[in-house]
Number of protein chains: 2
Amino acid sequence: MGTTQLETVPEPKYWHLKTVLSDALDSEFAVGEILPNERELAARFGVARATLRQALEQLELEGRLQRRRGVGTTVAPPRVGVDVGSEAGPHTWPGAPGDAWQAEDHERAPAPAAVVRMLGVAADTAVHAVRRGRMTGGQQVASEVLYVHPDSVPALPPGADQEPDGSARARTVLRELHRLQLVGQDRTVELGSARADDARRLDRLPGAPVLVVTTRYLSEGGTAAVSVATYRADTCRLSFSDSEDVSLLAS
Amino acid sequence: MGTTQLETVPEPKYWHLKTVLSDALDSEFAVGEILPNERELAARFGVARATLRQALEQLELEGRLQRRRGVGTTVAPPRVGVDVGSEAGPHTWPGAPGDAWQAEDHERAPAPAAVVRMLGVAADTAVHAVRRGRMTGGQQVASEVLYVHPDSVPALPPGADQEPDGSARARTVLRELHRLQLVGQDRTVELGSARADDARRLDRLPGAPVLVVTTRYLSEGGTAAVSVATYRADTCRLSFSDSEDVSLLAS
DNA sequence: AAGTGGTCTAGACCACACG
DNA sequence: GTGTGGTCTAGACCACTTC
């Protein structure tokens, strides 16, 4: 009587807070608008800052908020749909005309263990590592390393190996790769956390949640190349549509 | 001299801790093995428990650890590859023979806002909501709600509407759906956090990270149904392969 | 210099699983 | 009951951006 409802299964404060904030974002804030700072929000809701932060973290994970050190917390725009592989239709090599990626660098180095396993090479074999970036709407949304089996591109054209511009070497490797015939590919998506170098490129802090898309490119000889692409999980929705009606899904 | 290296860009403690733990997991622990408890680990590394937990959280996010309240922290097995839609080849309706899902329940209710938009119905229109679950290796890995446009399945066979068994009604709706011709589909993947009901089904706490796979099924009349499937992000790697060579990717 | 979010501490209590 | 992870507090200091 007169008491508020007894919660038989009490909800954690941060969970309730998240709901309240989420509703407020829908009704009282516009995209890009800046929220009150964490200390004030915590005071306003009568919780410790750590608890408030737990709620904000979840909302950021869901792509509702964007936080930047030294700046503040802003309301994030809806996630952008990013087309990942048009599975239907003929498969294409990475770097085919019209793809969304920009070659950035190239080196010859051993691949990480997981990639070594897929390429079927020895652990210390130097493979081509082509670094590429992907922009969408003026924002860097993904960073990729394409590991090319040395048998796929055994030698670069004369002189190309000494080319000092990494992105030029990268494009050369891709061009050489296109001489092979692509017979198939498969692709996996999983959750990961950004390594330090990827985090820098994606303008995030190390450990930020990312969607890792691993693609295996098969030619007649087996796995010719493996791509590991790292997408910002907060801002991206990966799209595997076979048609181009992505517009209907947006907003 | 004699000093340890001065870190010009000091690494956060929890980040370093994560690296140390990750290496230890590779070299000193077997899958399923139980780690020392958080209070002891924190003491052993000379950090506060909250800091230690920050490192454990990341490792859990990456699928390296599994934590259960009242039990302890164990070393997680490698993520299981879960086949999601064989994009290539003919598309099929959900519930086609041989698919990995188990119908659980059915009700008629309004759909969430995002689904309403895709189905192109009014916000308060009651649609079929078919709940399904997906097991892999004895573990529940995903929970799905399939929203079926009322025009796609306007009426159930006589008597089926009064059937008290929800899973039987669910199977009936799927069967009726199969009478339509499927002309296309598209699919998106994004990061989300588990709602309370999904969390319970997936044996996780609310807010646990999940991969949300949204599939739109197109028939001649437009969007006939929309599926929202929620996969455990810690234990699953979604596979979009067109062949069945998933074995080469595993382990 | 001032203000923001990011890291860290040292405690406390709670919910849950298990013997 | 005992031990585990989960939640929460009230502080402190740091790294970064902006003015």
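Refer to the structure presented above.
Let me begin by describing the structure that accompanies this report. None of the values given here were measured: they were computed from a predicted structure. (Residues numbered from 1 in each chain as written. Chains lettered and ligands numbered in written order. Predicted model: local features only at pLDDT ≥ 70, side-chain atom pairs only at ≥ 80, totals over all residues. Heavy atoms only, no water.)

**Notes on the pattern of salt bridges**
All names here are of chain A.
Logical step 1: With the rule as written, the count across this model stands at 46 salt bridges over all chains.
Logical step 2: Among the salt bridges present, the one from arginine 53 reaches glutamate 38, with a minimum N-O distance of 3.1 Å. In this pair, arginine 53 is assigned in helix 3 (residues 49-61) and glutamate 38 in helix 2 (residues 38-45), connecting sequence segments 15 residues apart.
Logical step 3: We classify arginine 53 as partly exposed; its relative accessible area is 29%.
Logical step 4: Given the relative accessible area of 13%, glutamate 38 is considered buried.
Logical step 5: Each of Glu38, Arg49, Arg53, Glu57, Glu60, Arg67, Arg204, Arg232 and Asp234 takes part in a single network of salt bridges with overlapping partners. (Salt bridge = Lys/Arg side-chain N within 4 Å of Asp/Glu carboxyl O. Helix = DSSP H or I, 4+ residues; strand = E, 2+ residues; numbered from the N terminus. Buried < 20%, exposed > 50% of the residue type's maximum accessible area, 1.4 Å probe, protein only.)

**Observations regarding the protein's contact with DNA strand D**
Logical step 1: Around DNA strand D, a shell composed of 27 residues is seen, among which A:Lys13, A:Ala48, A:Thr51, B:Arg49 and B:Arg53 lie nearest.
Logical step 2: Considering the 4 Å shell around the protein, atoms of DNA strand D inside it are sugar or phosphate in 67% of instances.
Logical step 3: Note that a phosphate oxygen of DNA strand D is positioned 2.9 Å from one of the side-chain N or O atoms of A:Tyr14.
Logical step 4: One of the side-chain nitrogen or oxygen atoms of B:Arg39 is found 3.1 Å away from a base oxygen of DNA strand D.
Logical step 5: Listing elements by their share of the surface near DNA strand D, those giving two or more residues are helix 1 (13-28) and helix 3 of chain A together with helix 2 (38-45), helix 3 (49-61), strand 1 (65-68) and strand 2 (72-75) of chain B. (Near = heavy atom within 4 Å. Polar contact = N/O pair within 3.5 Å; in protein donor to acceptor, adjacent residues only side chain to side chain.)

**Digging into the protein's contact with DNA strand C**
Logical step 1: If you check the shell around DNA strand C, you find 27 residues, and the closest are A:Asn37, A:Arg49, A:Arg53, B:Lys13 and B:Thr51.
Logical step 2: For DNA strand C, the backbone makes up 67% of the atoms found within 4 Å of the protein, where backbone means sugar plus phosphate.
Logical step 3: Contact distances for DNA strand C include 2.8 Å between a phosphate oxygen and a side-chain N or O atom of A:Arg53.
Logical step 4: Going through the elements one at a time, helix 2, helix 3, strand 1 (65-68) and strand 2 (72-75) of chain A together with helix 1 (13-28) and helix 3 of chain B are the ones with two or more residues in the surface near DNA strand C.

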